[in-house]
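# Structural overview for review
One-letter residues, chain by chain:
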There are 2 protein chains.
Amino acid sequence: MQSEPAVDVGAARMIELGREECLALLAGVPFGRVGFTRQALPVIRPVNHLVDGGTVVIRMHPGSAMARHTTVDEVVVYEADDLDARGRTGWSVMVTGRASLITAPWEAARYRALLVPWTDRDVDEIVRIQADLVTGYRLTR
Amino acid sequence: MQSEPAVDVGAARMIELGREECLALLAGVPFGRVGFTRQALPVIRPVNHLVDGGTVVIRMHPGSAMARHTTVDEVVVYEADDLDARGRTGWSVMVTGRASLITAPWEAARYRALLVPWTDRDVDEIVRIQADLVTGYRLTR
């Protein structure tokens, strides 16, 4: 079992952030984590993303649980953060909203060009998450 | 809308990791993200953790959705990663299992001493997540 650093830098304060600041922070980082339910179990998957207007766009493996869910506009969560464990500073943003597959070929092609997959897995489905609910905080001292 | 870096470093391969390696990676980082359901909506929250045997131990705000869930041994997910967006390397680990409140005072006190909260919020509840299902991967080239 690991233990915390011996030097306690003191507790940080959590400052709530507004919607626009949250979306700007999200747009400034290349990846985050999508959370959804698969066979009644919660799942979290790191993926890279684009922020386009009030939506978060990600790529998914065709036939994956996430891609199947989006055919029924299931609500998912998308979280990104930039946290420094040593100094206990940074931020976290959480977007909650309906996910849907992008089916228009021209639109899917545009996002495929902008959103380069990290791995050699087939992630040709493009999923758009509506930023229906956006919350976030910054840790400060 | 931001775009990807102009230089494409090439796709990485995903190598699946075994349970013991996943738990060792998780034990080597100070924080991760817990995923659960609150009022039928998925939630992801960054928290710091300890790995103790086959369990992940975190602190929670008393009365929080997460703390209430754990009174019924709800299944939650815990994810941690160390990913380099530029080089597309790193790893991600996901633990899925039942979460339960630690109620024995001596045990809770021990974990409170080991697991120092990052913020000044009251996070006096100690939650143990059983590592019933452990999966993970490493990105490599």
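Residues numbered from 1 in each chain as written. Chains lettered and ligands numbered in written order. Predicted model: local features only at pLDDT ≥ 70, side-chain atom pairs only at ≥ 80, totals over all residues. Heavy atoms only, no water.

## Remarks on the relation of the copies chain A and chain B
Here chain A sits on chain B after a turn of 180 degrees about the axis and a move of 0.0 Å along it, with an RMSD of 0.0 Å. In the structure described here, the two chain copies are related by an operation that fits a two-fold rotation axis. For chain A, the minimum C-alpha distance to the rotation axis belongs to Gly35(A) and amounts to 3.5 Å. By residue overlap, the copies meet face to face through one surface: 100% of the interface positions of chain A are interface positions in chain B. (Least-squares fit on C-alpha atoms with pLDDT ≥ 70 in both. Contact = heavy atoms within 4.5 Å.)

## Brief notes about the interface of chain A and chain B
Listed by partner, the interface residues are 53 residues for chain A and 53 residues for chain B. For the pairing of chain A and chain B, the buried interface totals around 4400 Å² over both sides, and the portion due to carbon and sulfur atoms is 66%. The interface formed by chain A and chain B contains 4 salt bridges. On inspection of chain A and its partner chain B, the count reaches 6 residue pairs in polar contact (both at pLDDT 80 or more). Mapped by element, the contributors of at least two residues to the side of chain A that touches chain B are strand E1 (13–16), helix H1 (19–27), strand E2 (31–38), strand E3 (41–52), strand E5 (75–84), strand E6 (89–101), helix H3 (105–114) and strand E8 (133–140) of chain A. (Buried area = accessible area lost by both parts, 1.4 Å probe. Salt bridge = Lys/Arg side-chain N within 4 Å of Asp/Glu carboxyl O. Polar contact = N/O pair within 3.5 Å; in protein donor to acceptor, adjacent residues only side chain to side chain. Helix = DSSP H or I, 4+ residues; strand = E, 2+ residues; numbered from the N terminus.)

## Observations regarding a positive patch on the surface
Together, Arg38(A), Arg45(A), Arg68(A) and Arg121(A) give the surface a local cluster of positive charge. Structurally, Arg38(A) can be placed in strand E2. (Patch = residues over 30% accessible without salt bridge, like charges linked within 9 Å, V, L, I, M, F, W, Y side chains within 5 Å. Areas by Shrake-Rupley, 256 points an atom, 1.4 Å probe, with all protein chains shown as cover. Lys, Arg positive; Asp, Glu negative; His and termini not counted. Charge placed at Lys NZ, Arg CZ, Asp CG, Glu CD.)

## Section: the environment of Glu74(B)
Relative to the elements of secondary structure, Glu74(B) occurs in the loop between helix H2 (65–69) and strand E5 (75–84). Separated by 15 residues in sequence, Glu74(B) and Thr89(B) have C-alpha atoms that sit 33 Å apart.

## So, the pairing of strand E6 (residues 89–101) of chain B
All names here are of chain B. For E6, a buried count of 10 out of 13 residues is recorded, marking the element as mostly surrounded by other parts of the structure. Strand direction decides the pairing type here: E5 and E6, joined by 10 bridges, are antiparallel. Of the residues in E6, the one forming a bridge with Asp 81 is Ser 92. Both E6 and strand E8 (residues 133–140) contribute to a ladder of 7 bridges, which runs antiparallel. Opposite Thr 96, over in E8, you have Leu 133 as the bridge partner. Bridging between E6 and strand E7 (residues 125–130) involves 3 bridges; their strand directions are antiparallel. (Buried < 20%, exposed > 50% of the residue type's maximum accessible area, 1.4 Å probe, protein only. Pairing = 2+ DSSP bridges.)

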